[in-house]
Amino acid sequence: MRFKDRVAIVTGGGRGIGAATVRRFAQDGAAVVIADLDEEPARELAAEIEQGGGRALAVGCDVSQRSSVEALFEAAIERFGQVDILVTCAGILRFNLVQDVTDDEWNAVIDTHLKGTFLCAQAAQKVMVPRRYGKMVLLSSGAARGYRARIHYSAAKAGIQAMTRVLAIELGAFNINVNAVAPGFVETRMPQQHADWLHKDYETFKAEVISQTPLQRAGTPEEQAAVITFLCSDDAGFVTGETLAVSGGI
Ligand code: NAD
């Protein structure tokens, strides 16, 4: 019950790494706000948690829209009275080589990842600073080093690491920790999209990635959730401004 009396917002919480993080927070005693563009899985997950005796609220939210993010925080405070923790998992993938990237692709990826993370962090600090308490974990990626066919995604994920350091510097005086997690290959629908773009069978693609991974396997959403929630816990109370790779060593 390490998050007893804590309230956590998880964006992109309806599926994948976000959903695993929501389940872990609920298991460890937090009230959870599940924010997702896709309301259906968020509502189903909230029902699952409430049936298990936890506290959860599903909110339809587009993190790239300021009004939608503000409405998310208002809904969280109306229901649970406070926000202690923010985890930003909302994300999309687009693949294209540099010469073919369209304005729509560029804007969709940058708005969801870079602007969306900024808008959520900005809304979170507004409620955390007066309470002199807060934890944020922002999802970056190994792509921050630069991945083929993902110039927008790589730039956004590198930007999130810089944003993490700026937030840590500015908010540290208010007892707010801000860290990032950079997953490697985690089995959600995202790597499936990558295999599709390469016109490769998923299992073939997966075997290729695994062959380059020191731990010789794919990661699970639950392993990401374990590290994300550790960084939100008081055990990581003196860690801020860091990006932790959770990647099997790739
Ligand atoms: P996923 O596709 O399973 O889940 C992402 C969720 O974000 C979805 O439920 C989607 O509806 C939601 N979403 C998309 N756009 C949104 C928006 N504008 N507003 C609110 N919600 C929105 O993906 P995942 O694999 O769980 O990825 C979670 C995070 O981890 C992402 O930021 C992703 O870039 C990052 N990541 C994933 C991997 C991986 O291998 N899966 C690797 C590195 C980084």
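Residues numbered from 1 in each chain as written. Predicted model: local features only at pLDDT ≥ 70, side-chain atom pairs only at ≥ 80, totals over all residues. Heavy atoms only, no water.

## Structural notes on the state of the cysteines
Under the criterion given, the structure shown has zero disulfides. As a non-bridged cysteine, C61 has C120 as the owner of its nearest cysteine sulfur, 6.0 Å distant. Cysteine C232 shares no disulfide, and the gap to the nearest cysteine sulfur, in C89, comes to 9.7 Å. For C232, a relative accessible area of 1% gives the class buried. (Disulfide = S-S within 2.5 Å. Buried < 20%, exposed > 50% of the residue type's maximum accessible area, 1.4 Å probe, protein only.)

## Examining the sheet that holds strand β6 (residues 176–183)
The sheet built from seven strands is open, its strands ordered β3-β2-β1-β4-β5-β6-β7 with parallel pairing. Here the strands that pair on one side only, and so sit at the sheet edges, are β3 (55–60) and β7 (243–246). The average undirected angle you get between the axes of adjacent strands in this sheet is 15°. Direction of pairing for strand β4 (residues 85–88) relative to strand β5 (residues 134–139): parallel, over a ladder of four bridges. Within β5, the position partnered with V87 by the bridge is V137. Its contacts with the sheet place helix α3 (residues 66–80) against β1 (7–11), β2 (31–36), β3 and β4, and it is angled at close to 155° to β3. (Pairing = 2+ DSSP bridges. Helix = DSSP H or I, 4+ residues; strand = E, 2+ residues; numbered from the N terminus. Axes fitted to C-alpha atoms, helices over the stretch in contact; angles between N-to-C directions. Contact = heavy atoms within 4.5 Å.)

## Quick notes on the pairing of β3
Taken together, the six bridges between β2 and β3 define a ladder with parallel strand orientation. Each residue of the ladder has a partner; that of A35, found in β3, is V59. Note that the unit made of β2, helix α2 (residues 39–51) and β3 has a crossover that is right-handed. (Right-handed = clockwise from strand over helix to strand, strands pointing away.)

## A short note on the site of the ligand
Around the ligand sit 29 residues, and of these I17, D36, Y153, T188 and R189 come closest. Within the backbone of C89, a nitrogen or oxygen atom sits 3.4 Å from an oxygen atom of the ligand. Within the side chain of T188, an N or O atom sits 2.5 Å from an oxygen atom of the ligand. Elements that contribute at least two residues to the shell around the ligand include exactly α1 (16–27), α4 (103–128), α5 (151–171) and α6 (189–197). At three residues, the largest contribution of residues to the shell around the ligand is made by α6. (Near = heavy atom within 4 Å. Polar contact = N/O pair within 3.5 Å; in protein donor to acceptor, adjacent residues only side chain to side chain.)

## With respect to the pattern of salt bridges
Throughout the structure, instances matching the rule amount to 15 salt bridges. For R6, the salt bridge identified is with D84, shortest N-O distance 3.5 Å. Taken together, the positions of R6 in the segment before β1 and D84 in the loop between α3 and β4 put the pair 78 residues apart, joining distant regions of the chain. Taking the relative accessible area as the measure of exposure, R6 reaches 22% and is therefore partly exposed. Residue classification places D84 among the buried positions, given a relative accessible area of 0%. Residue R79 is joined to E50 by a salt bridge in which the shortest nitrogen-to-oxygen separation is 3.2 Å. With a gap of 29 residues between them, R79 in helix α3 and E50 in helix α2 connect regions that are remote in the sequence. Residue R79 is classed as partly exposed on the basis of its relative accessible area of 40%. Here E50 falls in the partly exposed class, since its relative accessible area comes to 39%. (Salt bridge = Lys/Arg side-chain N within 4 Å of Asp/Glu carboxyl O.)

## A look at the packing of α4 against α5
Helix-helix packing: each pair is described by the crossing angle between the helix axes and the interaxial distance. Remark: α4 packs on α5, axes separated minimally by 9 Å, with the N-to-C direction vectors making an angle of 15°. If you check the angle between α4 and α5, you find them roughly parallel. Crossing angle aside, the handedness with which α4 passes α5 is right-handed. Two secondary-structure elements touch here, α4 through E105, W106, V109, I110, H113, L114, T117, F118, A121 and Q125 and α5 through I151, H152, Y153, A156, K157, G159, I160, M163, L167 and L171. For the contact of α4 with α5, the residue count by class is 13 nonpolar, five polar and two charged. (Parallel < 35°, antiparallel > 145°, perpendicular 65-115°, else oblique. Left-handed = near helix turned anticlockwise from the far one by under 90°. Nonpolar A, V, L, I, M, F, W, Y, C, P; charged D, E, K, R; others polar.)

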